[in-house]
Amino acid sequence: MRYSIKNFLPVVALLLATSCHTPYRLISVDRTRVLVDNRYDAKPDAQAAEFLKPYERQVDEKMSPVVGSTAHPMRASRPESDLSNLLADILVWGGKQFNEAPDFGVYNMGGIRASLPEGKVTYGDVLNVAPFENHICFLTLTGEKTLQLFKEMAARHGEGVSHGVRMAIAKDGTLKSVTLDGKAIDPQKNYRVATLDYLAQGNDGLTAFKSKTNVVSPTGEANDVRHVIVKYFDEKKAQGQAVDSKVEGRVTVE
C-alpha cells in the first residue's frame, strides 16, 4: 500500500497538540565557558590517541609557531580589560595597511574567546582568542550615530574601545559621558571607525552601525582579524618589544 503525507496529517496534528501542553516552563537561561584542558586526559584512550597522531602533528605544525610575546597575561572582562583594549588598539593600528586613519576602534567582548599567556604567544594562542572568520572593517558614522553607538555599548556595560576613548557608565547601563581625545562627540561631525565586519552589520546590539557609510570591508584570509593580530605581534617582535596593554580608565562604571 502506498501512503501520502495526507495519511499522516491527523497523527502529526495530534502530536503537535499534545506536545504543546507541558507542565514545564522556561524561567531563566544561564551560560558559562568550559575550559577544555588536560584534566580530561586522566584516562586516555590508546587507540584514539594512535588514530589522532598524524593529525596532531599537522595541527601542531600550524599552531605552534611563536608570533611574539606579551609582557603579562591578558584577559577580557567588562567594563574594560587589558586584552579588549589591546584588540581595539590593533584594529586602529591595522588601518595603515589600507590607508585608513580611524578616529577610534571597537572590538566586542563576546568575540574574545580566550586569554593570552605571559611570555611566548603562538599562532594557536591568537586563534583561540579570535576563532571566528571576522574581517577588519572601516566605516563612517555621523556624530549622532556615534553617540548612539556609545549609548549601545554602555547598555552592554562596556565593549573594547581604543585608546583616546573615555566612557562613564551608570550602574543601570546608561551612558553618563563620553569623550574622544578629550573632546565631546560632535553631533555635526563624521567619525571614522575601525571594527569587525560582524559588528558593522549591527550585531551584538550595536545597531548604530547599520547607518554606516563609506565602508571599506576587505575580504580574503589575510584580512581576517586573527591575521591582523599576528601582523601586530610580528611588528613588535621585529622591534624587540613584548606586546603590552593595561586598563587605563577607558570605560568606567560610576
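Notes on the structure follow. (Residues numbered from 1 in each chain as written. Predicted model: local features only at pLDDT ≥ 70, side-chain atom pairs only at ≥ 80, totals over all residues. Heavy atoms only, no water.)

## Brief notes about unusual backbone geometry
For step 1, the next point in the chain: Residue P79 is reached from R78 by a cis peptide bond, and omega for that bond is 0 degrees.
For step 2, the next point in the chain: Structurally, the position occupied by P79 is in the loop between strand 1 (66-70) and helix 3 (82-93).
For step 3, the next point in the chain: Backbone geometry places N99, a non-glycine residue, at a positive phi of 55 degrees.
For step 4, the next point in the chain: Note on placement: N99 falls in the loop between helix 3 and strand 2 (104-107).
For step 5, the next point in the chain: Taking the relative accessible area as the measure of exposure, N99 reaches 76% and is therefore exposed.
For step 6, the next point in the chain: Of note in this structure, N214 is not a glycine but carries a positive phi near 50 degrees.
For step 7, the next point in the chain: Here N214 shows up in strand 10 (residues 213-216). (Helix = DSSP H or I, 4+ residues; strand = E, 2+ residues; numbered from the N terminus. Buried < 20%, exposed > 50% of the residue type's maximum accessible area, 1.4 Å probe, protein only.)

## Section: the packing of aromatic side chains
For step 1, the next point in the chain: Within the structure shown, the criterion is met by four aromatic pairs.
For step 2, the next point in the chain: Each ring, one from F98 and one from F138, has its centre 5.6 Å from the other, and the planes form 50 degrees; the classification is tilted. In this pair, F98 is assigned in the loop between helix 3 and strand 2 and F138 in strand 4 (residues 136-142), connecting sequence segments 40 residues apart.
For step 3, the next point in the chain: When the ring of F104 is compared with that of F150, the centres are 5.2 Å apart and the planes differ by 35 degrees; the resulting orientation is tilted. (Phe/Tyr/Trp six-rings, centres within 6.5 Å; stacked < 30°, edge-to-face > 60°.)

## Here we look at the sheet that holds strand 7 (residues 175-180)
For step 1, the next point in the chain: Strands sit in the order 8-7-6-11 across an open sheet of four strands; the sheet is mixed. The open sheet has two free edges, formed respectively by strand 8 (183-184) and strand 11 (251-253), since each of these has just one partner strand.
For step 2, the next point in the chain: Summarising the sheet, strand 6 (residues 165-169) and strand 11 pair through three bridges and their orientation is parallel. Following the sheet pairing, I169 is matched in strand 11 by V253.
For step 3, the next point in the chain: Against the sheet, helix 5 (residues 143-155) makes contact with strand 6 and strand 7, and its axis sits at roughly 130 degrees relative to strand 7, the strand it touches most. (Pairing = 2+ DSSP bridges. Contact = heavy atoms within 4.5 Å. Axes fitted to C-alpha atoms, helices over the stretch in contact; angles between N-to-C directions.)

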